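Summary of structural features
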Amino acid sequence: MKTEGRNAVLELLKTDKNIDKILLEKNPQGSLNKIFAEARKAGVRVQFVDKKVLDKESVEGRHQGVIAFTTDYEYSTLDEIISAKKENGLIVLCDGVEDVHNLGSIIRVAECAGADGVIIPANNSASVTEAVIRISAGAAEHMRVAKVKSLNHAVDELKKAGFWLYALEADGDDIYKADLSGNVALVIGGEDSGVKRLTREKCDFCLSLPLKGKVNSLNASVALGIAVYEVIRRR
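Residues numbered from 1 in each chain as written. Predicted model: local features only at pLDDT ≥ 70, side-chain atom pairs only at ≥ 80, totals over all residues. Heavy atoms only, no water.

Things to note about helix H2 (residues 31-42)
Selection rule: In this description a helix means any DSSP run of H or I spanning at least four residues, a strand means any run of E spanning at least two, and both kinds are numbered starting from the N terminus. Each helix should span, by expectation, one fewer than its residue count multiplied by 1.5 Å. We call a residue buried when its accessible area falls under 20% of the maximum for its residue type, exposed when it is over 50%, and partly exposed in between, using a 1.4 Å probe and counting protein chains only. As used here, the arc belongs to the directions running from the helix axis to the C-beta atoms. We call two residues in contact whenever any of their non-hydrogen atoms come within 4.5 Å of each other.
Taking 1.5 Å per residue as the helical rise, H2 with its twelve residues ought to reach 16 Å, and the 16 Å between its terminal C-alpha atoms agrees with that figure. Regarding H2, the residues found buried are Leu32, Ile35 and Ala39. Axial view of H2: buried residues confined to an arc of 50°, hence all on one face. For H2, exposure combined with an orientation more than 90 degrees from the buried face picks out Arg40 and Lys41. On the buried face of H2, the contacting elements are helix H1 (6-13), strand E2 (19-25), strand E3 (46-49) and strand E4 (66-70).

As for the packing of helix H5 (residues 100-112) against helix H9 (residues 220-234)
Using the following cut-off: Every axis corresponds to a line fitted to the C-alpha atoms, with the helix fit spanning only the stretch in contact, and the corresponding angles, defined between N-to-C directions, vary from 0 to 180 degrees. When describing relative orientation, an angle under 35 degrees is termed roughly parallel and one over 145 degrees roughly antiparallel, while 65 to 115 degrees is termed roughly perpendicular and anything else oblique. Working rule for handedness: look at the near helix, and if it is turned counterclockwise from the far one by less than a right angle, call the crossing left-handed; if clockwise, right-handed. Residue polarity is assigned by list, with Asp, Glu, Lys and Arg as charged and Ala, Val, Leu, Ile, Met, Phe, Trp, Tyr, Cys and Pro as nonpolar; anything else, Gly included, falls into the polar class.
Where H5 meets H9, the axes come as close as 9 Å, and the angle between the chain directions of the two elements is 15°. It follows from the interaxial angle that H5 and H9 lie roughly parallel. Pair H5 / H9 crosses with right-handed handedness. On H9, the residues that touch Asn102, Ser105, Ile106, Val109 and Cys112 of H5 are Ala220, Ser221, Leu224, Gly225, Val228 and Tyr229. For the contact of H5 with H9, the per-class residue count stands at seven nonpolar, four polar and no charged.

Section: the nonpolar core
Short version of the rule: Nine residue types can take part in a nonpolar core, namely buried Ala, Val, Leu, Ile, Met, Phe, Trp, Tyr and Cys, and a core is a set of them joined through side-chain atoms within 4.5 Å.
Membership of the largest hydrophobic core comes to 39 residues, with the highest contact counts inside it found for Ile107 and Leu186. Elements that contribute at least two residues to this core include exactly strand E5 (90-95), H5, strand E6 (117-121), helix H6 (130-135), strand E8 (163-174), strand E9 (183-189) and H9. If you tally residues by element for this core, the top one is H9, at six residues. Apart from the residues lying within four places of it in its own chain, the contact partners of Leu186 are Ile91, Val92, Leu93, Tyr166, Leu168, Leu224, Ala227, Val228 and Val231. Residues Ile91, Ile119, Val155 and Ala185 belong to the second largest nonpolar core, which totals 19 residues.

Below you can see the structure in the form of structure tokens.
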């Protein structure tokens, strides 16, 4: 598995993941020198290569002069995420988020907000790939992400564990008037379909952000960012 980009590789070096090697552009400048120093400190093998080698290895052509090679991303289990919850748990569920940019941004928001984990379905969803790790600016290396066969089963298990489930949808109740205390699980839907009907019916509440303009929806990661920090603000 490849991790591209300066921030993503720096964050990777802070974890205990097994890094096979790092390809670094010759004559490194700026933060590339910091990456080289951190890699040497961690005992990671570094190869200095021409930019054209990095261009060839890059998935999206945005390597920023560095690519790290690791083993496949290690997903957590749902039980591990539930067990890791703090006094007031906070978990994010993605219901059909298929765009890697949205998933990467969602994981970044969740990690910055101190969430206990992110849950994604095994089907009809983006997975944690090199691109997602890069887009998350390395946050995916610190965030527990569980890939489950059934998101609705995960909803049931979270309820048993004492979580309140909140679907984020355009026609829900005003989030600023909702009681967001206790263990909170926020469900964010896909780019076009939103939260699926059955999942929405299983949730305890459906919440919306007030929209004052002419556009009737927000990007999934933006909506989650506002909602998750409203939960934090209440606490």
